Amino acid sequence: MNLPSSTAEALTTLTSEGGPHDSLNAYFIGGGALAALLLLLWITTRLNRDR
């Protein structure tokens, strides 16, 4: 599969400028994901009562 030269150049530029993004904090993302999952678990257990 051959990529057009402009696409290959764009990908090369993106990979050379890559790296971790400063505004993304791993603890914030992980904590938010944990909170969202716990909220979903709580909602599921409230709605899943045996009738």
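Summarised in this report is the structure supplied together with it. Note that the structure is a prediction, hence the values are computed from the model and not measured. (Residues numbered from 1 in each chain as written. Predicted model: local features only at pLDDT ≥ 70, side-chain atom pairs only at ≥ 80, totals over all residues. Heavy atoms only, no water.)

## Side note on the overall build of the protein
Item 1. Looking only at helices and strands, one finds two helices and zero strands in the protein.
Item 2. Residues counted as buried form 0% of the 51 residues belonging to the protein.
Item 3. Within the structure as shown, the protein displays about 5,100 Å² of accessible surface, and the carbon and sulfur contribution to it stands at 65%. (Helix = DSSP H or I, 4+ residues; strand = E, 2+ residues; numbered from the N terminus. Buried < 20%, exposed > 50% of the residue type's maximum accessible area, 1.4 Å probe, protein only. Areas by Shrake-Rupley, 256 points an atom, 1.4 Å probe, with all protein chains shown as cover.)

## Brief notes about a nonpolar patch on the surface
Item 1. The grouping of Leu 37, Leu 39, Leu 40, Trp 42, Ile 43 and Leu 47 at the surface amounts to a nonpolar patch, some 660 Å² of accessible area in total.
Item 2. Within the secondary structure, Leu 37 sits in helix H2 (residues 26-47). (Patch = residues over 30% accessible without salt bridge, like charges linked within 9 Å, V, L, I, M, F, W, Y side chains within 5 Å. Salt bridge = Lys/Arg side-chain N within 4 Å of Asp/Glu carboxyl O.)

## Notes on H2
Item 1. Compared with an ideal rise of 1.5 Å per residue, which puts 22 residues at 32 Å, H2 spans 32 Å between its outermost C-alpha atoms and is within 8% of the ideal.
Item 2. For H2, the capping residue at the N-terminal end is Asn 25, with a side-chain oxygen 3.2 Å from the backbone nitrogen of Tyr 27. (Expected span 1.5 Å × (residues − 1). Polar contact = N/O pair within 3.5 Å; in protein donor to acceptor, adjacent residues only side chain to side chain.)

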